[in-house]
Amino acid sequence: MAAILKLSLLYLTSIFAFLHFLHNQISQQLLITHDNHKVRLKKNPDLPLRFRHDGAFKILQVADMHYGMGMITRCRDVMSCEFEFCSDLNTTRFLRRMIEDEKPNFIAFTGDNIFGTSTTDAAESLIKAFGPAMESGLPWAAVLGNHDQESTMNREELMYFISLMDYSVAQTNPAKVSMTENIDGFGNYDLNVYGPLGSHLANSSLLNLFFLDSGDREIVQGVRTYGWIKESQLRWLHRVSEGLQVWKTEFSCSN
Ligand SMILES: *[C@@H]1O[C@H](CO)[C@@H](O)[C@H](O)[C@H]1NC(C)=O
Ligand SMILES: *[C@@H]1O[C@H](CO)[C@@H](O)[C@H](O)[C@H]1NC(C)=O
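Residues numbered from 1 in each chain as written. Chains lettered and ligands numbered in written order. Predicted model: local features only at pLDDT ≥ 70, side-chain atom pairs only at ≥ 80, totals over all residues. Heavy atoms only, no water.

> Lay out the site of ligand 2 in plain terms, naming residues and giving numbers.
The environment of ligand 2 is made up of Ser199, His200 and Asn203. Between an oxygen atom of ligand 2 and a side-chain N or O atom of Asn203, the distance comes to 2.3 Å. (Near = heavy atom within 4 Å. Polar contact = N/O pair within 3.5 Å; in protein donor to acceptor, adjacent residues only side chain to side chain.)

Take a look at the structure:
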């Protein structure tokens, strides 16, 4: 009897040890989580974004990954003989290869990153979809398409989550928009790209990248259609852009 009890205890202990291990492994993948009161903070890339010394700033743009749950999500629109051997992991491998071969300075994901009908957990899909970007340690950003919000997160939650992922420089919305000024959508922000470190343009923003939320779907006069960029977003874009033009004029006059 005692021997059986000891064995069961040993058995239970090993199960608990395994669960604890699993919990730690899973928590490691999360962005900000508390695990024995330890918080793992988001990893940030070297900022600001900068042109290379050869004058290039290479952007890898990735759209329509339509990521689901990884290995278990089959490819669409492939020949029937390819179906069995094609999953989201092909997208992952392709993205890894593109990053390795092209060595971009920045990655821009421009919507339909994940696909509602293929996923039961938006957070898990986002972690998998942007996995290669996070592994690369390169700065990256994303906006949403019309399919991203179709599973367990709305557009605001998605952008907030994306902004907290490792090496992401995405923002939910510009921090400087005042309380009285409303901006439509989630995922409106701009990023400045500076001159190469050590050059005479090291402290100058040479390129401004605007990201705008073009919405998902809308019903206009009873007709289902896609969303669009709204006046409030254009006002913000013009204001930021004009601010930069003034600054550029001053800059070129004083030089
Ligand atoms: C998907 O990846 C597997 C494994 O590398 C490969 O055998 C298959 O041909 C790929 N499918 C497509 C459609 O590219
Ligand atoms: C850029 O700013 C840094 C810190 O203020 C300064 O030390 C450096 O001289 C500046 N470089 C140029 C090219 O203006």
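> Help me get a handle on the packing of aromatic side chains, residues and values and all.
One pass over the full model with this rule turns up eight aromatic pairs. Look at Phe109 and Phe130: their rings are 4.7 Å apart centre to centre, the planes differ by 65°, and that puts the pair in the edge-to-face class. Residue Phe109 is found in strand 5 (residues 106-110), and its partner Phe130 is found in the loop between helix 4 (122-129) and helix 5 (131-136); the two are separated by 21 residues along the sequence. When the ring of Phe109 is compared with that of Trp140, the centres are 5.7 Å apart and the planes differ by 90°; the resulting orientation is edge-to-face. Residue Phe109 is located in strand 5, and its partner Trp140 is located in strand 6 (residues 140-143); the two are separated by 31 residues in the primary sequence. Its relative accessible area of 0% is what places Trp140 among the buried residues. Members of the aromatic cluster, each reached through a chain of ring pairs, are Phe51, Phe57, Phe106, Tyr189 and Phe211. Here Lys230 stacks its cationic end above the ring of Trp228, 5.0 Å away from the centre of that ring. (Phe/Tyr/Trp six-rings, centres within 6.5 Å; stacked < 30°, edge-to-face > 60°. Helix = DSSP H or I, 4+ residues; strand = E, 2+ residues; numbered from the N terminus. Buried < 20%, exposed > 50% of the residue type's maximum accessible area, 1.4 Å probe, protein only. Lys NZ or Arg CZ within 6 Å of the ring centre and 35° of its normal.)

> I'd like a description of the packing of helix 4 against helix 6 (residues 155-163), backed by residues and values.
For the pair helix 4 and helix 6, interaxial distance at closest approach is 11 Å and the crossing angle is 40°. Between helix 4 and helix 6, the angle is such that the two are oblique. In terms of crossing hand, the pair formed by helix 4 and helix 6 is right-handed. Contact with helix 4, carried on its side by Ala122, Ala123, Leu126 and Ile127, involves Leu158, Phe161 and Ile162 of helix 6 and no other residues of that element. Considered class by class, the residues forming the contact of helix 4 with helix 6 number seven nonpolar, no polar and no charged. (Axes fitted to C-alpha atoms, helices over the stretch in contact; angles between N-to-C directions. Parallel < 35°, antiparallel > 145°, perpendicular 65-115°, else oblique. Left-handed = near helix turned anticlockwise from the far one by under 90°. Contact = heavy atoms within 4.5 Å. Nonpolar A, V, L, I, M, F, W, Y, C, P; charged D, E, K, R; others polar.)

> So, the sheet that holds strand 7 (residues 189-194): which residues are in play, and what are the values?
Ordered in space as 3-7-8, the three strands form an open sheet in which the pairing is mixed. Whereas interior strands pair on both sides, the edge strands pair on one side only; in this sheet they are strand 3 (49-50) and strand 8 (205-211). Bridge count for strand 3 against strand 7 is two bridges, and the pairing is parallel. Across the sheet, residue Leu49 finds its bridge partner in strand 7, namely Val193. (Pairing = 2+ DSSP bridges.)

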